[in-house]
Amino acid sequence: MKYEAVIGLEIHVQLNAATKLFCDCPNRPGDEPNRNICPVCLWLPGVFPQLSREALEKGVLACLALNCVIQPESAFDQKVYYYPDLPKGYQLSQHHKPLARNGWVDIVAADGQVKRLRIHHVHLEEDVAKLLHETEGRTPISLVDFNRAGTPLIEIVSEPDMRDPHDAMEYIKALRDQLRYTGSAECSLEQGTLRVDANVSLRPLGSKALNTKVEIKNMNAIRNVGDAIAYEITRQTECLEKGEPIVMHTRLWDPEKKVTTPMRAKFEGPCVPDPSVARIVIDDAWLEAVRQRLPEMPAHKAARFMDAYALTAEEAAAVSAERDLSEFFEAVVAHALPPRKVAGWIAGQLFSALKERNRSVGETRLTAARFAELLNLVEREVINTQAAREVLIRLLDSDAPLEEIVEKGGFRQISDTTDLEALVQRVLADHPADVQDFRNGNPKVLGFLMGQAMKTSQGKANPKLLKEMLAKRLG
């Protein structure tokens, strides 16, 4: 029998509001443990939580970016369960009346077709404290850090529309890009500001049934989400083929062994209306004011880039995925540089350099004007592409004039024909067998000799002139 996977994701996103959801403590979970705490986020008896207006606004902005319908009235419930990271015995969440419903994001599925994935609802909730498991001597101990307690979250619950790991990974990327554009969240799986739980079940191909699902946790990278889902599909398929029932439970993803392992039975505690937090009532005027703050979103911006700058779909998608880079792109193009060349440098060189250093362009010394100046040097053949890549790295951390960086680093391109002719003669003399191989009809040798010449010039030779001279000398 052939089976079809049914996948839904529950994604917690930490809102980057200045304070926690129900008190004025700083929203900085990474600070020294238990520094940002008060009676409210310690959940001491007798306190009254006050909802953060900023967190609500950022939550609504995020929901609008996900094409959700904001509910005119929402309210908090007590999600009851007991765990050491939740000493008051319940978490304030919106179970019965969530903030928003019926959203969607579009992805490109594995078959290349656009696929719309629905969002069931988005609700606000407070985060719980964080458990730290350490050892004291040989004794294992568990500590509790309350900095995270009360951090404002939205939980985004998808419909079970995904059918393979590709769908799930593209859904997370699309959702992350949308939310980052609004400025309401950082959305980093690695830093824990975006956390994904995946629900996976199988059904006979062609069936509409929703069968018993298994939840997977502990995935701190998008690639891990894809790998964990792929493993779980295989595991459940093998169980069904052996006649073993699928039991509802939660499993942990082990990224080193690349397996899921049983964690605990699935437990759903009761959710009862909370009497301490006022219900949220949103009127049309307030909602419209928040909607006006929504920026141009990635898909619209990519379409505009294709129209205004004649970028390909791939180029437009690459430079519009991150809001800061898309604005950087337009600022550089304003310096009268070819848009496709600028897009290629941003997507191919700058993006990689920033990713390696885990920084945004705004966290570097690089400005659009200096990046444009660098590309102008390449256009004028003052430096070649290889040298420009190295200069770009230096520009990330330096305010020194570009000409000074080029001269001090010896990056200026060798375009003098006398110098290049001497270089060509030297390389041909050093590789007589390869020269003969080329003249016997092997054209690939030209690439090898080009590489040797560039290496000898320490990457400074003008590659266009060098290739012309090499080809001429080889006959």
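About the criteria used
Residues numbered from 1 in each chain as written. Predicted model: local features only at pLDDT ≥ 70, side-chain atom pairs only at ≥ 80, totals over all residues. Heavy atoms only, no water. UniProt positions renumbered as here; feature names shortened; annotations may be inferred. Helix = DSSP H or I, 4+ residues; strand = E, 2+ residues; numbered from the N terminus. Buried < 20%, exposed > 50% of the residue type's maximum accessible area, 1.4 Å probe, protein only. Areas by Shrake-Rupley, 256 points an atom, 1.4 Å probe, with all protein chains shown as cover. Phe/Tyr/Trp six-rings, centres within 6.5 Å; stacked < 30°, edge-to-face > 60°. Expected span 1.5 Å × (residues − 1). Arc of directions from axis to C-beta. Contact = heavy atoms within 4.5 Å.

As recorded in an unreviewed UniProt entry, the protein goes by the name Aspartyl/glutamyl-tRNA(Asn/Gln) amidotransferase subunit B, listed as coming from Desulfococcus multivorans DSM 2059. UniProt's Subunit (unreviewed entry) comment on the protein is quoted here verbatim: "Heterotrimer of A, B and C subunits." If you open the UniProt record of the protein and go to Sequence similarities (unreviewed entry), you find "Belongs to the GatB/GatE family. GatB subfamily."

**Describing the overall build of the protein**
Across its full length, the protein holds 15 helices and 15 strands. Along the longest, intermediate and shortest principal axes, the C-alpha atoms of the protein span 85 × 60 × 55 Å. The buried share of the protein, reckoned over its 475 residues, is 48%. For the protein, the exposed surface amounts to about 23800 Å²; the carbon and sulfur share of it is 52%.

**Brief notes about unusual backbone geometry**
In this structure, Asn218 is a non-glycine residue whose phi angle is positive, near 70 degrees. Mapped onto the fold, Asn218 is located in the loop between β11 (214-217) and α3 (222-241). Looking at Asn218, the relative accessible area reads 46%, which means it is partly exposed.

**Looking at the packing of aromatic side chains**
Tallied over the entire structure, the rule returns 6 aromatic pairs. Their ring planes at 75 degrees and their centres at 5.3 Å tell us that Phe22 and Phe76 sit as a pair that is edge-to-face. With Phe22 in the loop between β1 (3-14) and α1 (53-65) and Phe76 in strand β3 (residues 73-80), this residue pair connects regions lying 54 residues apart in the sequence. Their ring planes at 70 degrees and their centres at 6.2 Å tell us that Trp43 and Phe146 sit as a pair that is edge-to-face.

**Comments concerning helix α5 (residues 298-309)**
The end-to-end C-alpha distance of α5 is 15 Å, a good match for the 16 Å that 12 residues give at a rise of 1.5 Å each. Burial in α5 covers these residues: Pro298, Lys301, Ala302, Phe305 and Tyr309. Buried residues of α5, seen end-on, are gathered within an arc of 100 degrees and therefore sit on one face of the element. Looking at α5, the residues exposed on the side facing more than 90 degrees away from the buried face are Ala299, His300 and Asp307. Looking at the buried residues of α5, the elements they touch are α2 (165-182), α6 (313-320), α7 (323-333) and α8 (339-357). Ala310 occupies a position one or two residues after α5 and carries a positive phi of about 60 degrees.

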